[in-house]
Amino acid sequence: MLLEQLNNMQKKAVLQTEGPVLILAGAGSGKTRVLTHRIAYLLEEKGVYPSQILAITFTNKAAQEMKDRIEQQLGGIYNDMWVSTFHSTCVRILHQDIDKIGYNRNFVIYDMDDQKRLLKDCLKQLNINEKNFPLSSIQREISSAKDELISPIDYKKQVNDDFRKEKIGQVYELYQKKLKSNNALDFDDLIFKTVELFTLRPEILGFYQQRFRYIMVDEYQDTNTSQYQLIRLLASKYENLCVVGDDDQSIYKFRGANIHNILDFEKDFPNAVVIKLEQNYRCTQKILDAANGVIQNNRGRKAKTLWTDNAEGTSIQRYEAQNEYEEGEYIANQIQKEVREGREYKDIALLYRTNAQSRVLEEKLIQSNIPYRLYGGVRFYERKEIKDLIAYLRSIANPSDDIAVQRIINVPKRGIGNVTVGKVMDIAIEQDCDFFDILVEAEENPSLQRAASKLKTFANMIIGFQVQVPHLSLVELTERVLKDTGYIAELEAEQTEEAQGRIDNIKEMISKVAEYENNAKENEEEPTLHGLLEEIALVADIDNYNEESNAVSLMTLHSAKGLEFPCVFMTGLEDGLFPSYMSIVSGDEKDLEEERRLCYVGITRAKQRLYMTHARSRMVRGNIQYNQVSRFLEEIPEELLEEEKKEKPSSFSPMSKKASLYSFNPIRRKRPVMPIPKNFTLDFKEGDFVVHKKFGKGIVKNIQPAGADYEVTVDFLEKGTKKLMAHLSKLKKMKN
DNA sequence: CCTACTACGCTTTTT
DNA sequence: GCGTAGTAGG
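Peer 1: Sorry if this is basic, but what is going on with the overall build of chain A here?
Peer 2: The number of helices and strands found in chain A is 29 helices and 23 strands. When each of the 736 residues of chain A is scored for burial, the buried share is 54%. Sequence separation of at least 24 residues holds for 74% of the intrachain contacts in chain A that already meet a minimum separation of 6. On chain A, roughly 34400 Å² of surface is accessible, and the fraction owed to carbon and sulfur atoms is 48%.

Given below as structure tokens:
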């Protein structure tokens, strides 16, 4: 029977099908198993129809896996059951009904790059200088507004003659207008517009409320306000809402995740049943102890004690390298050793804080002939050649997509330069129509005279493709585009290794298109250009994670969430890198706590063996940084760690000699990287008033020496009590 | 209008 | 160190 393989708490979680349920699932406590069993139980024992179930997961891969497992368990196919990510779920709903709130149902989805380009156009049109308003910060600001369900109108209301906000409000408003006229939605809109649809059209909400009698949300600790609202709306009729999460694994605050969604679940649903899964089945005792040692330094957690029956296991290997190259060599050597002792490559993962760290690691793995797969970094769909190709497909599917049309209007070169594009843009704005419309009528526009024929030729080519769409398969269409535009020919003519790489990527893209067509046919759906573009827009890199291929996995700590590996290397454990420089200087303990949770996530990915490495020096953005060992590593109880003896410099491989040469290269530093002066002393004492850039004035409560720096507790007048590093946070004594 | 060169700024983390 | 934006010359 279904429940046999479960422990008591897991059983309880499966059987508690009615009403709101909060499952606090510690790392490795079998929550995926609980979720799949719960769904199986609903279907099998409770007679619930598959169509009445909505399960939200964090990645497409997790969704697919869950669905597969259920189908395997019950031996059926459940196409009516919705198991998908927030974003995919919303796309599906919007596809059906977004026309009810004035959008076109065949919308396209803009990624971050598209957003930036569109924002750039907005700034230009509003005469706002990019120097004073960097695109990335505006993008962040608008994105967080959307996460909080703040519309441009609401945003402008709360400006309160803050000049910066006033400008951003204008940009936000124009940005939304342009998105709409381009028939596009960005990531955040997917959720926002669904909530808007449900709010404005209660009958549509009613339909889905009625349909989804049982709702489950995984990784609930990482939901943001808009996602929370969405779930609340959907669940408010039957309240059969089961959320699963772990407050200790909340690592997406920067993306708007609101940890209070999980901390306050019982307040929002007073009759909620809370179930804790505290037995860890994944890690050895020592790894779990290390994880607990780190996470216990966080405040404001839900009470929870993770324990395990598993063996004690081996100590955690700690290693200090001279620099990042030596770190990579050590790791490569250890991997080879592990493999000699019977470990498989695919059972090993290298985790790091920032994508930039992967390069050196890759280099060393290649030198040692170790097969690896890289997740994240420059994603496949973000490569120039792939984005160009997609932009063609998007222009064909939706000529209102100004961003796509502008991207490829001169790729390959057709003699249509920036000046011409600028003119066309101005005319389009003036006439309030699509960029593409101006191209079609270029000859009628006197100011375009010289370029008119070129523009017209381009427009005709796109229209030509559009005409062919019904008669060609998607693969055929893609190939025709590559051929007729001369894109492939141009790359082939280059005769460089780089160009060949791009051609290979394009070939891979074609096989992905073929894959999409086949999948669609298998599911008895009509493959469409829109469907293809939608799928492309929503894939995460980690969705391509493949446990079959026997290779070491390289990924960020964020990407590793939800995965597990017998052997894990956590790399770059240095203050300033992990925890990140930003989280240290912000002076806000909460930022540091988020980093600590990330560390907790990393440690608990390991089942049997955990290595933690750091380097004394490291090149970051062309500067050499000397970082202290990560405070998180120091938080692990000494007796769990084993320090690896350092290799003698004489045993360095030739490569590392070259590497150390680099280190002696006198590279000019633009700005010293937070060096702490040798005899750094404080010019204030307890009871003095100090000033902080972000927190303002405060009174010093306590001073503790911490390495070369001091940890200072300050009671800020407006922001409350904070613990700060005196030097890093640039605390200044106030003159009275 | 295109290409080649220089200067600058930037990186956490991602659906 | 890298990629991109901005500038000058053809």
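There's more to say after this.
Peer 1: How should I be thinking about the sheet that holds strand β1 (residues 21–25) in this particular structure?
Peer 2: Two orientations exist for strands paired in a sheet by backbone hydrogen bonds: parallel and antiparallel. Overall, parallel pairing links the 6 strands, which are arranged β3-β2-β6-β7-β1-β8 in an open sheet. Two strands bound the open sheet, and with one partner strand each, they are β3 (82–85) and β8 (273–277). Within the sheet, the average angular offset between the axes of one strand and its neighbour, ignoring direction, is 15°. When strand β6 (residues 214–217) meets strand β7 (residues 241–245), the two strands line up parallel, connected through 3 bridges. Considered in β7, the bridge of Ile215 is made with Leu241. Of the strands in this sheet, β1, β2 (53–57), β6, β7 and β8 touch helix α2 (residues 31–44), which is tilted by about 170° from β6.

Peer 1: Would you mind showing me how to read the protein's contact with DNA strand B here?
Peer 2: Surrounding DNA strand B, one finds 28 residues, the nearest of these being Arg353, Gly415, Gly417, Val419 and Thr420. Among the atoms of DNA strand B lying within 4 Å of the protein, the sugar-phosphate backbone contributes 58%. Within the side chain of Arg255, one N or O atom sits 3.3 Å away from a sugar or linking oxygen of DNA strand B. Between Gly415 and DNA strand B, the recorded distance is 3.5 Å, taken from a backbone N or O atom to a phosphate oxygen. Partitioning the surface near DNA strand B into residue classes produces 9 nonpolar, 12 polar and 7 charged.

Peer 1: Just to check I follow, could you spell out the packing of helix α24 (residues 497–522) against helix α25 (residues 529–538) for this structure?
Peer 2: Each packed pair of helices is defined by two parameters, the angle between the axes and the distance between the axes. Relative orientation of the contacting elements α24 and α25 amounts to 115°, with a least axis distance of 11 Å. Judged by the twist between their axes, the crossing of α24 over α25 is right-handed. Of the residues in α25, those in contact with Met509, Val513 and Tyr516 of α24 are Gly531, Leu532, Glu535 and Ile536. In terms of residue class, the contact of α24 with α25 is built from 5 nonpolar, 1 polar and 1 charged.

Peer 1: I would appreciate a short explanation of the packing of helix α15 (residues 324–340) against helix α16 (residues 358–367) in the present structure.
Peer 2: Put simply, α15 and α16 touch, their axes get as near as 9 Å, and they point 45° apart. Between α15 and α16, the angle falls in the class oblique. Where α15 crosses over α16, the handedness of that crossing is right-handed. Here α15 contributes Glu324, Tyr325, Gly328, Glu329, Ile331, Ala332 and Ile335 to the contact with α16, which in turn contributes Arg359, Val360, Leu361, Glu363, Lys364 and Leu365. Taken together, the residues that form the contact of α15 with α16 break down as 7 nonpolar, 1 polar and 5 charged.

Peer 1: Honestly, the pattern of salt bridges in this entry has me stumped. Any pointers?
Peer 2: Oppositely charged side chains can form a pair if their charged atoms are brought close together. According to the stated counting rule, one finds 44 salt bridges in the structure shown. The shortest N-O distance in the salt bridge between Arg394 and Asp114 comes to 3.0 Å. Residue Arg394 is located in helix α17 (residues 384–397), and its partner Asp114 is located in helix α5 (residues 112–126); the two are separated by 280 residues in the primary sequence. Asp114 shares its class with Arg394; the two are buried. Taking the shortest distance from any N to any O, the salt bridge between Glu203 and Arg201 comes out at 2.9 Å.

Peer 1: For this particular structure, what's the right way to read the confidence of the model for chain A?
Peer 2: For any part of a model where pLDDT is low, the fine detail of the predicted coordinates should not be relied upon. Per-chain confidence: chain A averages 85 in pLDDT, with 89% of residues scoring 70 or above. In this model residues 648–679 is a low-confidence stretch, pLDDT under 50, and it forms 30 contacts with partners more than four residues away in sequence or in other chains.

Peer 1: Teacher, can you tell me more about the nonpolar core here?
Peer 2: Note on soluble globular proteins: their nonpolar side chains tend to be buried together. With 66 residues, the main nonpolar core has Leu190, Phe198, Ile215, Val217, Leu234 and Leu241 as its most contacted residues. Non-local contacts of Leu234, meaning those with residues more than four positions away in its chain, are made with Leu54, Phe198, Leu205, Tyr208, Gln209, Phe212 and Ile215. If you look at the next biggest cluster of nonpolar residues, it comprises 53 residues, including Ala404, Ala452, Leu455 and Ala459.

Peer 1: How should the pairing of strand β16 (residues 606–620) be read in this particular structure?
Peer 2: Where burial is concerned, most of β16 is hidden: 11 out of the 15 residues are buried. When strand β11 (residues 316–323) meets β16, the two strands line up parallel, connected through 6 bridges. Counted as the bridge partner of Glu320 is His614 from β16. Strand direction decides the pairing type here: strand β15 (residues 565–570) and β16, joined by 5 bridges, are parallel.

Peer 1: Honestly, the environment of Glu148 in this entry has me stumped. Any pointers?
Peer 2: Note on placement: Glu148 falls in the loop between α6 (135–147) and α7 (152–157). Residues Glu148 and Met81, spaced 67 residues apart in sequence, show a C-alpha to C-alpha distance of 29 Å.

Peer 1: Explain unusual backbone geometry here, please?
Peer 2: Among all residues save glycine, negative phi is the norm, and among peptide bonds the norm is trans. Of note, the amide linkage connecting Val411 to Pro412 takes the cis form, showing an omega dihedral of -5°. The amide bond that connects Phe578 to the next residue, Pro579, takes the cis arrangement and shows omega of 5°. At Glu219, a position not held by glycine, the phi torsion is positive, near 50°. In this structure, Glu219 sits in the loop between β6 and α11 (225–235).

Peer 1: Explanation requested: a negative patch on the surface in the structure shown.
Peer 2: A contiguous patch of negative charge on the surface is contributed by Asp289, Glu634, Glu638 and Glu639. The topology assignment puts Asp289 in helix α14 (residues 285–295).

Peer 1: Any chance you could explain the packing of aromatic side chains here in plain terms?
Peer 2: Each aromatic ring pair is summarised here by two numbers: the centre-to-centre distance and the angle between the ring planes. With the rule as written, the count across this model stands at 15 aromatic pairs. Seen in terms of ring centroids, Phe133 and Phe163 are 6.5 Å apart; in terms of plane orientation they differ by 55°. Their pairing is tilted. Taken as a pair, Phe133 in the loop between α5 and α6 and Phe163 in helix α8 (residues 163–181) lie far apart in primary sequence, 30 residues in all. Residue class for Phe133 comes out buried when judged on its relative accessible area of 8%. Classification of Phe163 by relative accessible area gives exposed; the value is 53%.

Rules used in this analysis
- Residues numbered from 1 in each chain as written.
- Chains lettered and ligands numbered in written order.
- Predicted model: local features only at pLDDT ≥ 70, side-chain atom pairs only at ≥ 80, totals over all residues.
- Heavy atoms only, no water.
- Helix = DSSP H or I, 4+ residues; strand = E, 2+ residues; numbered from the N terminus.
- Buried < 20%, exposed > 50% of the residue type's maximum accessible area, 1.4 Å probe, protein only.
- Contact = heavy atoms within 4.5 Å.
- Areas by Shrake-Rupley, 256 points an atom, 1.4 Å probe, with all protein chains shown as cover.
- Pairing = 2+ DSSP bridges.
- Axes fitted to C-alpha atoms, helices over the stretch in contact; angles between N-to-C directions.
- Near = heavy atom within 4 Å.
- Polar contact = N/O pair within 3.5 Å; in protein donor to acceptor, adjacent residues only side chain to side chain.
- Nonpolar A, V, L, I, M, F, W, Y, C, P; charged D, E, K, R; others polar.
- Left-handed = near helix turned anticlockwise from the far one by under 90°.
- Parallel < 35°, antiparallel > 145°, perpendicular 65-115°, else oblique.
- Salt bridge = Lys/Arg side-chain N within 4 Å of Asp/Glu carboxyl O.
- pLDDT = per-residue confidence, 0-100.
- Core = buried A, V, L, I, M, F, W, Y, C linked by side-chain atoms within 4.5 Å.
- Patch = residues over 30% accessible without salt bridge, like charges linked within 9 Å, V, L, I, M, F, W, Y side chains within 5 Å.
- Lys, Arg positive; Asp, Glu negative; His and termini not counted.
- Charge placed at Lys NZ, Arg CZ, Asp CG, Glu CD.
- Phe/Tyr/Trp six-rings, centres within 6.5 Å; stacked < 30°, edge-to-face > 60°.

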